[in-house]
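Here's the letter readout for the chains.
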Amino acid sequence: MPGVDERTCAGVDLVALRDAACSAAVKGELFLSAERRLNLELEARTGAFTTSTGESLWASARVQRVDGVGMSSRHVSAPGELSSLLEGAAAAAPMAGALPEPLAPGAASSPVALPTLSRVRAQAWAARVSSTVVPRTGIVQALVLSQSETWTAHVLAGASRAHVESREEVFVRCETERGAVVDAVALGAGQGAHALEALRSRLAEAFDALEGPVDAVDPALPLVLRPAVAAPLVAGLVWMLRGDVAAATPALARALGRKLFPSVLGLEDDAAHPQGTRRRALDDEGMPMHPVRLVDEGRLSGFLHTASTAPRLGGVSNGRALRSMLAGPTPNALNPFVMPRADPLPAHYTELIARVETFTTMPRPGTVTLVAGGWEVRDGRRVRRIAPVELELPVLETFRALRGVGTDLTFFPTAEGCGTPTLVFPPLLSGAQGGQAAR
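Residues numbered from 1 in each chain as written. Predicted model: local features only at pLDDT ≥ 70, side-chain atom pairs only at ≥ 80, totals over all residues. Heavy atoms only, no water.

Draft legend 1. Here's a closer look at the sheet that holds strand 3 (residues 29-42). As summarised here, the arrangement of the six strands in space is 5-4-3-6-7-8, forming an open sheet in which the pairing is antiparallel. Both outer strands of the open sheet, strand 5 (68-75) and strand 8 (179-186), are each paired with one neighbouring strand and no more. Averaged over all pairs of adjacent strands, the angle between their axes in this sheet comes to 20°, without regard to strand direction. Relative to strand 7 (residues 159-176), strand 6 (residues 139-156) is paired through 17 bridges, and the arrangement is antiparallel. Bridging from a neighbouring strand, Val144 pairs with Phe171 of strand 7. Across the sheet, helix 2 (residues 81-91) is in contact with strand 3, strand 4 (49-65) and strand 5; its angle to strand 4 comes to roughly 55°. Sheet strands in contact with helix 3 (residues 119-133) are strand 3, strand 4, strand 6 and strand 7, and its direction is about 145° off that of strand 6. (Pairing = 2+ DSSP bridges. Helix = DSSP H or I, 4+ residues; strand = E, 2+ residues; numbered from the N terminus. Axes fitted to C-alpha atoms, helices over the stretch in contact; angles between N-to-C directions. Contact = heavy atoms within 4.5 Å.)

Draft legend 2. Spatial organisation of the sheet that holds strand 18 (residues 381-394). Taken in spatial order, the six strands of this open sheet run 18-17-16-9-22-19, and their pairing is mixed. Two strands lie at the open edges of the sheet, namely strand 18 and strand 19 (404-405), each paired on one side alone. With 11 bridges joining them, strand 17 (residues 367-378) and strand 18 adopt antiparallel strand pairing. Residue Ala372 lies in a different strand from strand 18, and its bridge partner there is Val389. Taken strand by strand, helix 4 (residues 192-210) contacts strand 16 (348-355), strand 17 and strand 18, and its axis lies near 75° from that of strand 17. Seen against the sheet, helix 5 (residues 227-240) touches strand 9 (223-225), strand 16, strand 17, strand 18 and strand 22 (423-425) and runs at an angle of roughly 80° to strand 16.

Draft legend 3. Main features of the pattern of salt bridges. Summed over the entire model, instances satisfying the criterion amount to 30 salt bridges. A salt bridge links Arg323 to Glu29; the nearest nitrogen and oxygen atoms lie 3.1 Å apart. In this pair, Arg323 is assigned in the loop between strand 13 (321-322) and strand 14 (330-331) and Glu29 in strand 3, connecting sequence segments 294 residues apart. The class for Arg323 is buried, based on a relative accessible area of 11%. Looking at Glu29, the relative accessible area reads 0%, which means it is buried. Of the charged contacts, one joins Glu351 and Arg382 as a salt bridge, the two residues approaching to 2.9 Å between their closest N and O atoms. Note that Glu351 is positioned in strand 16 and Arg382 in strand 18, a separation of 31 residues in sequence. Assessed through its relative accessible area of 3%, Glu351 is described here as buried. Three or more residues joined by partner-sharing salt bridges are found here, namely Asp215, Asp218, Glu376, Arg378 and Arg384. (Salt bridge = Lys/Arg side-chain N within 4 Å of Asp/Glu carboxyl O. Buried < 20%, exposed > 50% of the residue type's maximum accessible area, 1.4 Å probe, protein only.)

Given below as structure tokens:
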């Protein structure tokens, strides 16, 4: 996007906006967010790519009151609107919680710039994906390459901290004989070529598993979930370990410190993980994002917290407050992952490799639904392809049965950025016929 001023977004000077926020938020909190977006999408009918771009700028204000916290959010078009936004927060209906502790004065080098995006780079990556990554027999229904640059500033009691996050991801949806497969990779941090090769390999494996003659699954065999199939299950567990979810689930909150799972399970969130899809140093409340161990050798050791959720469970914020547009901070992981091990595989098992797209993976809170295809494996050899099976898995109960964890850690933008190696479970199917698991 040549000719774009890196200090402006949606026609507003970001330096002036930041300075106005520091002056206005003497007795409250302001959160500013500016974003540039570029999407390059393949038109399946013509084979041509279309490009769309956009910018957004919004602000959120919170004010501490004796009866709670007042909040107001909206899109802004001028620095002068911030004072009225704070007034609106002071008059809003109170919510439970409290503002975070005051920030130390921000360093003079805090970024006040929003990098530009590269349409040329996006076109080059998209062409490469289209020509070398998608299997030749595949019908591409959607191929989207997305770039975004997001500048955020957290201003509290006159002090500010700013952060710039860059994201570049490619999403592919391909049709197979037995349903659509959706996959994606992050291209940042100089890992684009490696990421595309991993995507190409997964798509090839998926097509191999979902096309050709199939047999019914043997429900007596243990299940081996390869990373692409296991990722939504891990995302379900991470969601349950958010501070707001745990606070609303008393039994889970009381389990803190207890061994809920087998010793093979370790779960951590690391905002600086070298394989992760995102990188951040601070959350949206200005707290440092140190690694957080959620499950340690099967013991529930922590939850994801904001300044508001931590006191409800007798804890402290661990820097996991993230905000979506026009909403308050909620606890979220950045690069959560099951910690790799090298546990052996069973002698015989059902190997699920390819996840078939469904409209939702968590139709009910705490339960994940998967449809996946793969192979029956005997003595380390794939002996026959199985028809896709449906698994309806209660998250906590399923992880309590975990038997082993592999070494092949992979992160997935399509699963809230979760990472997982291969996961090994006992037989979870019961007398299923025609490739359908009993519920």
